[in-house]
Amino acid sequence: MEIRRIGICLKEGRPEAADTVIALATWLRDRQIEVFADPESASVLGTEPVARERLAATTDLLIVIGGDGTLLSVARAVGRHSVPILGVNLGRLGFLTEVNVDELFGALEKVLSGDARIEPRMRLDVRVRR
């Protein structure tokens, strides 16, 4: 799978991640990859924001910078689209976000070279009626 369009999603209220988002966008653009950003990332990059639901429909990969909660929020927004998600953990412990910020660019090199494994995950949509 060739990756030419990547969406960046950032956890709300994490201004300390601005340098990571800027470095990531620059790194991707240097590799001729089109970058799209959710509203939080777009405010850091000074670009036009794209709703997370739309990112899932128009990109080849989503990079979620935050934690497990942010990844789950993006997964809900993705809905039925089958776009892969790379979770980048800003904290110390993440069960779903497997990559930390220090490992981001190495992990992306593997993804772009086709040397990464995509693990399909199931998401349940549950409603309780009383």
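Numbers given for residues are sequential positions, taken from 1 along each chain in its written order. For this predicted model, a pLDDT threshold of at least 70 governs which residues receive local features, and a threshold of 80 or more governs which side-chain atom pairs are given and counted, while totals over whole chains, interfaces and linings are taken from all residues. To obtain the side-chain values, all non-hydrogen atoms of the structure were used and water was disregarded.

> Explanation requested: the overall build of the protein in the structure shown.
Summing up its helical and strand segments, the protein has five helices and five strands in all. Each helix corresponds to a stretch of at least 4 residues labelled H or I by DSSP, and each strand to a stretch of at least 2 residues labelled E; elements are numbered beginning at the N terminus. Counted from the first residue to the last, the protein has its helices and strands arranged as β-α-β-α-α-β-α-β-β-α. Taking 2.2 N^0.38 as the reference for a compact globule, 130 residues should give roughly 14 Å; the C-alpha atoms of the protein span a radius of gyration of 14 Å, in line with that estimate. Taking the principal axes of the C-alpha coordinates as reference, the protein spans close to 55 × 30 × 30 Å. Only protein chains enter the accessibility calculation, which uses a 1.4 Å probe; a residue is then buried when its area is under 20% of its type maximum, exposed when over 50%, and partly exposed in between. Looking at the protein as a whole, 42% of its 130 residues are labelled buried. What makes two residues a contact is simply this: any of their non-hydrogen atoms within 4.5 Å. Taking as baseline every contact in the protein between residues at least 6 positions apart, the subset at least 24 positions apart corresponds to 59%. Surface accessibility follows the Shrake-Rupley procedure with a 1.4 Å probe radius. Residue values consider only the protein chains on display as shielding. By element, 49% of the accessible surface of the protein is carried by carbon and sulfur atoms, the whole surface being about 8,300 Å². Here the protein contributes 18 positive and 19 negative side-chain charges, whose respective centroids are spaced 8 Å apart. Atoms counted for the radius of gyration: C-alpha only. Globule rule: 2.2 Å times residue count to the power 0.38. Note that His is not counted, nor are the chain ends; the positive residues are Lys and Arg, and the negative ones are Asp and Glu. Taken as the charge centre is NZ of Lys, CZ of Arg, CG of Asp or CD of Glu, depending on the residue.

> Quick question: what am I supposed to make of a nonpolar patch on the surface here?
Where nonpolar side chains cluster on the molecular surface, the patch consists of Met122, Leu124, Val126 and Val128 and spans about 530 Å² of accessible area. Locating leucine 124 in the fold gives a position in the segment after helix H5 (104–113). Of the residues examined, leucine 124 reaches a relative accessible area of 64% and is grouped as exposed. Patch rule: a residue counts if its relative accessible area is over 30% and it has no salt bridge; like charges are joined within 9 Å, and nonpolar side chains (Val, Leu, Ile, Met, Phe, Trp, Tyr) within 5 Å. Throughout this description, the term salt bridge denotes a Lys or Arg side-chain nitrogen within 4 Å of a carboxyl oxygen of Asp or Glu.

> Could you clarify how one ought to interpret the pairing of strand E2 (residues 34–37) in this entry?
As paired strands, strand E1 (residues 5–10) and E2 are joined by four bridges and run parallel to one another. Each residue of the ladder has a partner; that of isoleucine 8, found in E2, is alanine 37. By convention, a crossover is right-handed whenever its connection, traced from the first strand over the helix to the second and viewed with the strands pointing away, goes clockwise. Once you follow E1 into helix H1 (residues 18–30) and on to E2, the crossover reads as right-handed. A pair of strands counts as paired when DSSP detects no fewer than two bridges linking them.

> Would you explain the environment of threonine 26 in this entry?
Inspection of the secondary structure assignment puts threonine 26 in helix H1. We classify threonine 26 as partly exposed; its relative accessible area is 39%.

> I'm lost on the pattern of salt bridges in this one. Help?
Pairing between side chains of opposite charge can happen when the charged atoms of each approach one another. Under the defined criterion, the tally for this structure stands at four salt bridges. In this structure, glutamate 34 and arginine 5 form a salt bridge, with 3.4 Å as the shortest nitrogen-oxygen distance. Taken together, the residues span a long stretch of sequence, with glutamate 34 in strand E2 and arginine 5 in strand E1 at a distance of 29 residues. Here glutamate 109 and arginine 31 are joined by a salt bridge, their closest N and O atoms 3.6 Å apart. Highlighted residues: glutamate 109 in helix H5 and arginine 31 in the loop between H1 and E2, separated in sequence by 78 residues.

> Can you help me understand the packing of aromatic side chains in this one?
Pairs of aromatic rings are described using the distance from one ring centre to the other and the angle between the two planes. Pairing of aromatic side chains requires ring centres within 6.5 Å, counting the rings of Phe and Tyr and the six-membered ring of Trp. Pairs whose planes differ by under 30 degrees are stacked, by over 60 edge-to-face, and all others tilted. If you walk through the whole model with that rule in mind, you get one aromatic pair. Between the aromatic rings of tryptophan 27 and phenylalanine 105, the centroid separation amounts to 5.4 Å while the plane-to-plane angle is 45°, which identifies the pairing as tilted. Highlighted residues: tryptophan 27 in helix H1 and phenylalanine 105 in helix H5, separated in sequence by 78 residues. On the accessibility criterion, tryptophan 27 (12% relative accessible area) is buried. Owing to a relative accessible area of 27%, phenylalanine 105 belongs among the partly exposed residues under this scheme.

> Sorry if this is basic, but what is going on with the nonpolar core here?
Side chains that are nonpolar tend, in soluble globular proteins, to be buried together. Counting residues in hydrophobic clusters, the biggest one holds 26 residues, and the most contacted among them are Ile8, Leu24, Leu28, Leu61, Ile63, Ile65 and Leu108. Listing elements by their share of this core, those giving two or more residues are E1, H1, E2, helix H2 (39–45), strand E3 (61–66), strand E4 (85–89) and H5. Those residues in contact with leucine 24 that sit more than four places away from it in its chain are Ile8, Ile63, Ile65, Leu104, Phe105 and Leu108. Definition of nonpolar core: a set of buried residues of the types Ala, Val, Leu, Ile, Met, Phe, Trp, Tyr and Cys, connected through side-chain atoms within 4.5 Å.

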